Every structure is written in structure tokens, then in C-alpha cells.
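What follows is each chain in one-letter form.
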Amino acid sequence: MGDESMGDVFFESIRGGLIVSCQALEDEPLHGSDTMAKMALAADQGGAVCIRANSVQDIAAIKKATKLPIIGIIKREYEDSEIYITPTLREVRELMEAGVDVIALDATGRQRPGGEKLEELVAFMKGHGQKVMADISTIEEALYAESIGVSCISTTLSGYTPYSPQQIDPDFNLLQEAVRRIRIPVIAEGRINTPEQAANSLKLGAHAVVVGSAITRPKLITERFADAIRGVRKGQVH
Ligand SMILES: CC(=O)N[C@H](C=O)[C@@H](O)[C@H](O)[C@H](O)COP(=O)(O)O
């Protein structure tokens with residue numbers, strides 16, 4: 001592990017712990033800061049060590065509901081880029097103003113809106129003493145993010161770039177390779193849908209685990225159950 005995170009209060013506080021991502025976009029039934037604050041409180045009471053949250057409004061509401069540290073993002077779409085997780089300096093500034101323990105941003109190699117550069121965003125945040133989580137989709141992106149000074153990496157975007165493995169399960173291969181080759185903390189994130197997968201992530205060396213949909217997206221959870229039972233009793237005679 002790199003020098004910055006060694007002994008760092010935030011990274012020590014989340015070591016081996018569960019980070020719950022509390023997010024609902026405008027088109028989701030649970031959208032709304034009050035609801036996200038309640039989700040965060042439930043996560044806190046359930047044993048989470050940190051919350052990952054989207055938008056200045058949600059972050060402000062969550063801060064009132066719990067004292068847990070926050071990894072903040074702003075999802076915003078731009079016409080000239082595929083990147084939507086904290087894409088530009090505008091979102092970085094908004095998050096710094098809101099005040100979060102860590103800012104997470106897309107650290108894939110893709111073109112950013114307005115031609116902005118990942119290195120410049122990271123340098124800006126580090127220059128202001130802001131911790132940075134790099135959301136990556138491949139080992140090359142993880143290595144590059146580490147080389148430009150991010151505080152930790154997360155496997156968030158594996159499966160969400162066209163050049164990373166498209167799979168239903170979490171990308172444990174990427175996690176393992178990152179743990180082997182990266183010195184800063186490696187966070188497991190993305191499609192961790194069962195307690196066993198979360199525990200396995202830590203066994204494979206993840207510093208902490210982020211779980212979102214499986215805890216905070218009831219529509220998706222319902223769909224999984226509905227899909228699993230669909231047709232099971234069809235044709236049965238009672
Ligand atoms: C790809 C992307 O946009 N991921 C987002 C990142 O903040 C969230 O929508 C995910 O819920 C989060 O990464 C946790 O993952 P999962 O919900 O699979 O546990």
C-alpha cells in the first residue's frame with residue numbers, strides 16, 4: 001500500500017468494511033434526497049462503514065442523517081463524451097464545495113467532455129488535499145491512475161466500457177490483478193450482489209467493498225426475484 005493511505009484515518013476506518021452506494025437517478029422510483037438519506041441511515045444502522053452518494057443534494061441530506069464518511073460523485077451527461085461519473089472540473093468543484101471525504105471519478109482512458117484531462121483533474125484535487133478514488137475498468141487504467149497520484153482505485157467500471165469484460169458476476173479477475181500490482185488501496189465495486197461475493201472480495205485482497213443495487217435498488221432486487229420464479233409453477237395443477 002502506498003504511503004498516503006498507510007495510517008490515513010479515512011482508509012483505516014474503511015479497511016475490511018462495507019461501503020453502501022445510495023443512489024437513485026431521476027428515472028428511478030426512489031429518487032429524492034430524503035429517501036437517499038433514509039437509505040444511508042439504514043446502511044449505517046446495518047453496519048456500513050462509508051456511503052457512496054451521487055449529487056450535491058443527496059450528499060447534503062445524507063450528511064444530516066449519518067456521520068459516516070462519504071465518497072461523493074456527480075453523474076452528469078455531456079454530449080461529447082461517454083463519461084458520466086464526475087466528468088469535469090465543474091463536478092469536481094461542486095463536490096469539493098459540498099465537502100466529501102473522497103471524490104470518485106471516471107478514470108478510464110476515454111475522451112472527457114471539452115477535452116479535459118484526467119491528470120489535470122487529479123492534480124487539482126490533490127493540490128487541494130482532496131482524496132481521489134479512480135473508477136476504472138481495466139488493469140491498465142488502474143496502473144495509470146496510480147501513476148498520476150490517485151488515493152485509491154475501484155473496479156466500478158468493469159463491464160461498463162466496451163473494452164472490458166461484459167459479465168453478470170463481479171470482475172474478480174481484475175480485482176485480483178489489481179491487488180497484485182497496485183500499491184494503493186483497491187476497492188471492489190460493481191455487481192457485488194450477494195454477501196458471499198462481498199466476503200470473497202475481501203478474501204481476494206480488496207481493501208473494502210462497495211455494494212449498491214443489491215442493497216439500495218428495490219426495483220432491481222424485485223426483478224431478480226420475479227425473474228427467478230417466473231414460470232416455475234406454470235402448468236402445475238392444484
Ligand atoms: C457503472 C456505474 O454507473 N456505477 C455507479 C457508480 O457509482 C452506480 O450506479 C453503481 O450502483 C455502483 O457502482 C455500485 O455498483 P452495484 O450497484 O453494481 O453494486
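Residues numbered from 1 in each chain as written. Predicted model: local features only at pLDDT ≥ 70, side-chain atom pairs only at ≥ 80, totals over all residues.

Looking at the overall build of the chain
- When helices and strands are counted, the chain shows 10 helices and eight strands.
- Across the 238 residues that make up the chain, the buried fraction comes to 41%.
- For the chain, the share of sequence-separated contacts (at least 6 apart) that also reach a separation of at least 24 residues comes to 57%. (Helix = DSSP H or I, 4+ residues; strand = E, 2+ residues; numbered from the N terminus. Buried ≥ 20, exposed ≤ 12 C-beta atoms within 10 Å, placed from the backbone. Contact = placed C-beta atoms within 7 Å.)

Thoughts on the pairing of strand S7 (residues 186–189)
- In S7, alternate side chains face the same way, and those of Val186 and Ala188 on one face and Ile187 and Glu189 on the other are all buried.
- Of the strand pairs in this sheet, strand S6 (residues 152–154) and S7 are connected by two bridges, and their pairing is parallel. Bridge assignment links serine 154 to a residue of S7, and that residue is isoleucine 187.
- As for the winding sense of the linkage, the β-α-β connection from S6 through helix H7 (residues 172–181) to S7 is right-handed.
- Sheet topology places S7 next to strand S8 (residues 208–211); three bridges connect them, and they run parallel. Note on S8: the bridge partner recorded for alanine 188 is valine 209.
- In this region the chain leaves S7, passes through helix H8 (residues 195–203) and returns to the parallel neighbour S8; the handedness of that crossover is right-handed. (Pairing = 2+ DSSP bridges. Right-handed = clockwise from strand over helix to strand, strands pointing away.)

Overview of unusual backbone geometry
- The phi angle at threonine 86 is positive, at roughly 45°, despite the residue not being glycine.
- Accessibility expressed as a C-beta count within 10 Å gives 27 for threonine 86, which makes it buried.
- Positive phi, close to 60°, is recorded for arginine 191, a residue that is not glycine.
- By secondary structure assignment, the location of arginine 191 is in the loop between S7 and H8.

So, the confidence of the model for the chain
- Residues with a pLDDT of 70 or more make up 97% of the chain, whose mean pLDDT is 96.
- As a predicted assembly, this complex carries a pTM of 0.96 together with an ipTM value of 0.99. (pLDDT = per-residue confidence, 0-100.)

Some thoughts on helix H4 (residues 89–98)
- Looking at H4, one finds that the buried residues are Glu91, Val92 and Leu95. For H4, the arc enclosing every buried residue in end-on projection is 105°, short of the 170-degree limit, so these residues lie on one face.
- Taken together, the buried residues of H4 touch strand S3 (70–73), strand S4 (102–106) and helix H5 (118–127).
- Glycine 99, located one to two residues past H4, shows a positive phi value of around 85°. (Arc of directions from axis to C-beta.)

Considerations on the site of the ligand
- Around the ligand lies a shell of 16 residues, among which Ser21, Tyr160, Arg191, Gly212 and Ser213 are the nearest.
- Of the residues that constitute the shell around the ligand, the class distribution is eight nonpolar, six polar and two charged. (Near = placed C-beta within 6 Å. Nonpolar A, V, L, I, M, F, W, Y, C, P; charged D, E, K, R; others polar.)

Some points on the packing of helix H2 (residues 33–46) against helix H3 (residues 56–65)
- Packing of H2 against H3 brings their axes to within 8 Å, and their N-to-C directions diverge by 45°. Taken together, the axes of H2 and H3 are oblique relative to one another. The way H2 lies across H3 gives a crossing that is right-handed. Here Ser33, Asp34, Met36, Ala37, Ala40 and Leu41 of H2 lie close against H3, whose contacting residues are Gln57, Asp58, Ala61, Ile62, Lys64 and Ala65.
- Class assignment for the residues of the contact of H2 with H3 results in seven nonpolar, two polar and three charged. (Axes fitted to C-alpha atoms, helices over the stretch in contact; angles between N-to-C directions. Parallel < 35°, antiparallel > 145°, perpendicular 65-115°, else oblique. Left-handed = near helix turned anticlockwise from the far one by under 90°.)

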